[in-house]
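Residue-level structural notes
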Amino acid sequence: FLVTSIEEDGPLDKWNKAQIRQVGAGASIVLPNSTIWAVNGVRGNISRMTERLVAPPESSLELEVWGPAHLRLESMRDDLSKRIGWFKTPGMET
């Protein structure tokens, strides 16, 4: 499901803060417009995923997340621009 906002002191905000505490500045955090694919191993069932997110039965929360498309696509575009002939011609200015 698509994350539209991060509520302060909500489960995603707490998860983000825990990631930053554990990993530091380079932590992968959930941002608005991220897509959550799984919550504690549950996938494909939005109701169950939401239940696990809001009140996880486990002591920890495990998420499978894709960052916002604008961030993913920017890195993909940068990678593709290194491949001559992929979408730009040699000698072509960007």
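Structure report, in brief. Because the structure is a prediction, the values reported are computed rather than measured. (Residues numbered from 1 in each chain as written. Predicted model: local features only at pLDDT ≥ 70, side-chain atom pairs only at ≥ 80, totals over all residues. Heavy atoms only, no water.)

On a plain count of helices and strands, the protein chain comes out with 3 helices and 3 strands. In the protein chain, the order of α-helices and β-strands from amino to carboxyl end is α-β-β-α-β-α. Evaluated residue by residue, the protein chain yields a buried proportion of 23% over its 94 residues. Expressed as a percentage of contacts within the protein chain between residues at least 6 apart in sequence, the contacts between residues at least 24 apart total 51%. A total accessible area of about 6900 Å² is found for the protein chain, and carbon and sulfur atoms account for 54% of it. (Helix = DSSP H or I, 4+ residues; strand = E, 2+ residues; numbered from the N terminus. Buried < 20%, exposed > 50% of the residue type's maximum accessible area, 1.4 Å probe, protein only. Contact = heavy atoms within 4.5 Å. Areas by Shrake-Rupley, 256 points an atom, 1.4 Å probe, with all protein chains shown as cover.)

Attention shifts here to unusual backbone geometry. Phi is positive for Asn-33, which is not a glycine, with a value near 75°. Inspection of the secondary structure puts Asn-33 in the loop between helix 1 (11–23) and strand 1 (35–39).

Further remarks concern the environment of Ile-36. Turning to its location among the elements, Ile-36 is positioned in strand 1. For the pair Ile-36 and Val-3, spaced 33 residues apart in the sequence, the C-alpha separation amounts to 7.2 Å. In this structure Ile-36 touches Phe-1, Val-3, Leu-12, Met-49, Glu-64 and Val-65, once residues within four positions along its chain are discounted.

All right, on to the packing of aromatic side chains then. Across all of its chains, the model carries 1 aromatic pair by this definition. Both rings, one in Trp-37 and one in Trp-66, keep their centres 5.2 Å apart while their planes meet at 65°; by these two values the pair is edge-to-face. Of this pair, Trp-37 sits in strand 1 while Trp-66 sits in strand 3 (residues 63–66); the two residues are 29 residues apart in sequence, bridging distant segments of the chain. By relative accessible area, which is 36% here, Trp-37 ends up partly exposed. (Phe/Tyr/Trp six-rings, centres within 6.5 Å; stacked < 30°, edge-to-face > 60°.)

Turning to the pairing of strand 1, a few remarks are in order. Counting buried positions along strand 1 yields 4 of 5 residues, so the element is predominantly enclosed. In this sheet, strand 2 (residues 42–43) lies alongside strand 1 in antiparallel orientation, the contact comprising 2 bridges. What sits directly across from Val-39, in strand 2, is Val-42. (Pairing = 2+ DSSP bridges.)

Geometric descriptors of this kind do not, in isolation, establish any biological role.
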